[in-house]
Amino acid sequence: MTQQFDTVVIGAGLAGLTTAIQSAQQNKKTLLVATGIGALLLTSGCVDVLGFQSAPSREPIANPLDKLPAFLADQPHHPYHLIGREKIKSSLNQFVTMVNQIGLDYQHRDGQNWFLPSPAGAVHPTYLAPKSLTQGDITTGGSMLLVGFHELRDFYPHLISKNLNAQDLGITSTPHKLNLPSTINATNITPLELARVFEQAEFRQQLAVALSSVAKGYDRIGFPAVLGLQQHRQVLADLTRRVGKPIFEISTLPPSVPGRRLFDGLRNLFQQAGGRLIIGSRVTQGKIEQGMVSEIVFQTSNRPKTISAKHYIMATGSLFGGGLETDMNGRIWEPIFNLPVASESNRHVWFAEKFISQTGHPVSHYGIKVNERFNPVDETGQVIATNLYIAGATLAGYDWTQGRTGEGVTVTSAMKIAEQLN
Ligand SMILES: Cc1cc2nc3c(=O)[nH]c(=O)nc-3n(C[C@H](O)[C@H](O)[C@H](O)COP(=O)(O)OP(=O)(O)OC[C@H]3O[C@@H](n4cnc5c(N)ncnc54)[C@H](O)[C@@H]3O)c2cc1C
């Protein structure tokens, strides 16, 4: 027998989790089904709304909401056009309220961007970030000691300090590398493993002792973003007390601990709200009849399973997430509903000549075109299914690397869809 839900969400990235939580918290019977956990583990864990002017300027932006009209003037198909400034702003506030429920202290700054040190020592303008990262905001000025660990791969305090100091930002940064205690027994530790080590009070005590003389004279102390996973709040408070001055985190290269905290917290919040979660199953098919989705089919360990719902949200990511597929003949397709993909069939035009291109790669804009309700539309603008909504990176018309609008589109498109699930 086909199981019935009010809402079915496909995808467990930030877009899928956000819509699924909103639906479940509206007391709707909600199922989220996903193959894997999405891009959050690869991101900074911050929500970038608009970080930079378009090429060739690429200047960091301080007030993203005010600069949106100028940015969007060059981006006629960007999904922000369908959301609008006021809804973008209120969706981001809603997001802060949502993550507060899971003890994640995301902060905004009255419409302004934070300017955070990136893992390469560049400036990362971002709209929402966990408090542990915003405490590293560069505009505060002063002196900072950046602590790294010889055993932690891919975090380089010397590189970060050198690049920050070279930019004349009004801060001075000094690197310092420590060895982990021999009891930890690690020669090559990942950020996620080190975050668990930070949850040990004894380790924090040893660390505070090791820093006691080195940290003298600095205004604040920066660490890689590994200050605890499940006990992050306690780790931050306890280490601040032990070190005796403000401390902050700097994003690392993947796997991202702030991204993992966000994923774990959102997943728990969805389940606490009564949502049903299936991770590890692929949705293989969706049937559209008379302008409505009637069912989807997903794989289980023994047989395909059919599910029906009132609303369906496709938040399957872009080429990276598995929401779009390609072949070497230049075909790009959407594998569940076979929705039309706004794309070029000549694959020689998918990429710019240079890998690090000022203007990005055309392929990043490819995706599913939608109307103002985020229903998919065909080439003529006709709605394909009125109870199907597209959220996040699967949307056509933008490249998240251009202007850094990735998680901004993801969160605000998800919130906009969630308010329509009556
Ligand atoms: C490497 C990388 C780094 C990034 N860093 C940043 C950053 O620092 N800041 C920023 O603002 N933006 C960043 N972005 C962009 C931003 O992360 C993404 O736009 C956003 O997180 C995508 O979220 P999503 O939920 O739309 O998709 P994803 O996170 O990709 O999730 C897609 C989900 O759909 C599931 N799925 C796909 N197909 C199926 C199927 N057939 N059946 C079931 N499940 C399916 C996947 O398993 C996954 O759960 C980054 C993107 C990438 C790829």
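Predicted, not measured: the structure shown is a model, and the values here were computed from it.

Chemist: Any chance you could explain the site of the ligand here in plain terms?
Modeler: G13, G317, G321, G392 and G406 are the nearest of the 36 residues found near the ligand. Of all the secondary structure elements, the ones that give two or more residues to the shell around the ligand are α1 (14–25), β2 (30–34) and α11 (406–418). Classifying every residue of the shell around the ligand gives 16 nonpolar, 16 polar and four charged.

Chemist: Explanation requested: the domain arrangement of the protein in the structure shown.
Modeler: Size of an interface: often given as the accessible area lost when the parts come together. Looking at the protein, the domain boundaries give domain 1 (3–101 + 261–418) and domain 2 (136–245). Computed over C-alpha atoms only, the centres of domain 1 and domain 2 are separated by 34 Å.

Chemist: Any chance you could explain helix α10 (residues 257–272) here in plain terms?
Modeler: Spacing of three or four residues puts side chains on the same side of an α-helix, whose turn is 3.6 residues. Counted at 1.5 Å a residue, the expected span for α10 with its 16 residues is 22 Å, and the 22 Å between its end C-alpha atoms agrees. Restricting attention to buried positions, one finds in α10 the residues V257, P258, G259, R260, R261, L262, F263, L266, R267, L269 and F270. Directly after α10, the chain includes G274, whose backbone phi takes a positive value near 95°.

Chemist: Is there a simple way to explain the sheet that holds strand β10 (residues 247–250) in this structure?
Modeler: Within a sheet, neighbouring strands are paired by backbone hydrogen bonds and run either parallel or antiparallel to one another. Judged by pairing direction, the sheet is parallel, and its four strands sit side by side in the order β8-β7-β9-β10 without closing on themselves. The open sheet is flanked by β8 (171–178) and β10, the only strands paired with a single partner. When the angles between neighbouring strand axes are averaged without regard to direction, this sheet yields 30°. Pairing of strand β9 (residues 220–224) with β10 involves four bridges; the strand directions are parallel. Counted as the bridge partner of I221 is I247 from β10. Contacts between helix α6 (residues 157–166) and the sheet are confined to β7 (142–149), β8 and β10, with β8 contributing the most and set at about 170° to the helix.

Chemist: Can you help me understand the environment of V297 in this one?
Modeler: Of note, V297 is situated in strand β13 (residues 292–299). Overall, the presence of 16 C-beta atoms within 10 Å leaves V297 in the partly exposed class. Remark: the alpha-carbon pair of V297 and P157, spanning 140 residues in sequence, is separated by 48 Å.

Chemist: Can you help me understand the environment of V226 in this one?
Modeler: With respect to the helices and strands, the residue V226 is situated in the loop between β9 and α9 (232–243). In the structure, V226 is positioned 30 residues away from R196 in sequence and 8.1 Å away in space, judged by C-alpha atoms. In contact with V226, other than residues within four places in its own chain, are P191, L194, A195, F198 and V257.

Chemist: What am I meant to see in the packing of helix α8 (residues 201–211) against α9 here?
Modeler: Where α8 meets α9, the closest approach of the two axes is 9 Å, and the angle between their N-to-C directions is 30°. On the basis of their axis angle, the class for α8 and α9 is roughly parallel. As α8 packs across α9, the resulting crossing turns out to be right-handed. Residue-level inspection shows A201, R204, Q205, A208 and L211 of α8 in contact with α9, the latter providing D238, L239, R242 and V243. Residue composition of the contact of α8 with α9, by class: five nonpolar, one polar and three charged.

Chemist: Hey, could you run me through the nonpolar core in this one?
Modeler: Across soluble globular proteins, nonpolar side chains have a tendency to be buried as a group. Among the nonpolar cores identified, the biggest contains 112 residues, and I10, I313 and A391 are the most heavily contacted of them. For A391, the contacting residues outside a window of four places in its chain are A15, T19, I313, A315, F374, S413, A414 and I417.

Chemist: Honestly, the environment of G103 in this entry has me stumped. Any pointers?
Modeler: Residue placement: G103 occurs in the loop between α4 (85–100) and β3 (106–107). For G103, a count of 13 C-beta atoms within 10 Å puts it in the partly exposed group. Along the backbone, G103 and L262 are 159 residues apart, and their C-alpha atoms lie at a distance of 10.0 Å.

Cut-offs applied
- Residues numbered from 1 in each chain as written.
- Predicted model: local features only at pLDDT ≥ 70, side-chain atom pairs only at ≥ 80, totals over all residues.
- Near = placed C-beta within 6 Å.
- Helix = DSSP H or I, 4+ residues; strand = E, 2+ residues; numbered from the N terminus.
- Nonpolar A, V, L, I, M, F, W, Y, C, P; charged D, E, K, R; others polar.
- Domains from an automatic or database assignment.
- Expected span 1.5 Å × (residues − 1).
- Buried ≥ 20, exposed ≤ 12 C-beta atoms within 10 Å, placed from the backbone.
- Pairing = 2+ DSSP bridges.
- Axes fitted to C-alpha atoms, helices over the stretch in contact; angles between N-to-C directions.
- Contact = placed C-beta atoms within 7 Å.
- Parallel < 35°, antiparallel > 145°, perpendicular 65-115°, else oblique.
- Left-handed = near helix turned anticlockwise from the far one by under 90°.
- Core = buried A, V, L, I, M, F, W, Y, C linked by C-beta atoms within 7 Å.

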